[in-house]
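Remarks on the overall topology
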Amino acid sequence: MSIHIGAKEGEIADVVLLPGDPLRAQEIAQRFLHDPVCYNRVRNMLGFTGTWRGMRVSVQGTGMGIPSISIYVEELIREYGAKILMRVGTCGSLQRDVGLYHLVLAQSASSDSNVNRRRFRGLDFAPWADFDLLSTAFQVARERGLPVHVGGVISSDTFYQPDPEEWKLWARYGVMAVEMEASGLYTIALREGVKALTLLTVSDSLVTGELTSAEEREKGMLSMVEVALETASRVREAL
């Protein structure tokens, strides 16, 4: 057992999906995995392990923000041997052609957080996704006919921005979407030498002001999780 994850040795797979919402982790496990077993209830941050087409898969809630996901990623890698970690979440679009329900694959993750500046002694570090996962996920999404975009995202510490126009600066430099965790995941994965990718479903647009309902977001989540699972399966087989 680690500090924040109550699993015993061997209870967590080397492939882990990482939704922010622990109830979303439960939903994914029940909908996609065969015989899912709950291995973690510490702080109600639910985690499950089951199988998908014969491949062992874990789904672990991470909470919101870089500090929260970093705790779980550190422990999953160091204490439980996770090798492929894939964030599955939502994002806000910063580009007009990145529409609602579209799939965004985060090639890199900028951030307004000071976490990496502290880590790199005031310097900026641009963390990136694993190329095998990124290229495979793009291929899988295209095979399924899904609208998919690859590029940079911004991992923000602030959900309710004090300056409602700040997003336009990121958009001007081609950043596709805003979310809150990818930078933390990628930085730790790169340091530890494991594979990581962030897949995001567009839930709202800062460009048009459009929003999706909870039910509509669930529909988009299903396609995203299917892409993540197929991607992990193909990449794992090639290792």
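Our structure's up above, just so we're on the same page.
Computed from a predicted structure; not experimentally measured. (Residues numbered from 1 in each chain as written. Predicted model: local features only at pLDDT ≥ 70, side-chain atom pairs only at ≥ 80, totals over all residues. Heavy atoms only, no water.)

With respect to the side chain of Thr136
Formally: Helix numbering and strand numbering both begin at the N terminus, where a helix is a DSSP run of H or I of at least 4 residues and a strand a DSSP run of E of at least 2. Three labels apply to residues, based on accessible area from a 1.4 Å probe with only protein chains included: buried if under 20% of the type maximum, exposed if over 50%, partly exposed otherwise in between. It only takes one pair of heavy atoms within 4.5 Å for two residues to be counted as in contact.
Counting through the fold element by element, Thr136 comes out in helix H4 (residues 131-143). Using a relative accessible area of 14% as the deciding quantity, one classes Thr136 as buried. Residue contacts for Thr136: discarding those within four places in its chain leaves Thr231, Arg234 and Val235.

Concerning the pairing of strand E1 (residues 15-18)
Rules: Two strands pair if DSSP finds at least two bridges between them.
Along E1, one buried face is formed by Val15 and Leu17 and the opposite face, lined by Val16 and Leu18, is buried too. Two elements, E1 and strand E5 (residues 84-93), share four bridges in a ladder whose sense is parallel. Looking across to E5, one finds that Val16 is bridged to Leu85. Where E1 and strand E4 (residues 55-60) come together, two bridges link them in parallel fashion.

Some remarks on helix H2 (residues 66-78)
To be explicit about the condition: How far a helix is expected to stretch is found by multiplying one less than its residue total by 1.5 Å.
Taking 1.5 Å as the rise per residue, H2 with 13 residues should run 18 Å; its terminal C-alpha atoms sit 18 Å apart, in good agreement. In terms of residue burial, H2 counts as a mostly covered element, since ten of its 13 residues are buried. For H2, the set of buried residues is Ile66, Ser68, Ile69, Ser70, Tyr72, Val73, Glu74, Glu75, Leu76 and Ile77.

Some details on the packing of aromatic side chains
Here is the rule we go by: Stacked, edge-to-face and tilted are the three classes for Phe, Tyr and Trp ring pairs, Trp counted by its six-membered ring, which pair at centre distances within 6.5 Å; planes under 30 degrees apart are stacked, over 60 edge-to-face, the rest tilted.
For the structure on display, the rule yields three aromatic pairs. The interplanar angle of 15° and the centroid separation of 4.5 Å between the aromatic rings of Phe120 and Phe125 together place this pair among those described as stacked. Taking the centre distance of 6.0 Å and the plane angle of 50° together, the rings of Phe125 and Trp128 count as tilted. Using a relative accessible area of 26% as the deciding quantity, one classes Phe125 as partly exposed. Three or more aromatic residues joined by ring pairs form one cluster here, namely Phe120, Phe125 and Trp128.

Here's the deal with the pairing of strand E3 (residues 47-52)
The buried fraction of E3 amounts to five of the six residues, a majority that puts the element mostly inside the structure. One ladder, built from four bridges, connects strand E2 (residues 34-40) with E3; its direction is antiparallel. Counted as the bridge partner of Val37 is Thr49 from E3. The antiparallel pairing of E2 with E3 creates a hairpin that spans six residues between the two strands, and Arg43 there sits at a positive phi of about 60°. As judged from the six bridges shared by E3 and E4, these two strands associate in the antiparallel manner. Among the inter-strand pairings, Gly50 is bridged to a residue of E4, identified as Val57. What sits between E3 and E4 in their antiparallel hairpin is a turn of two residues, with Arg53 showing a positive phi close to 50°.

Structural measurements only, silent on function.
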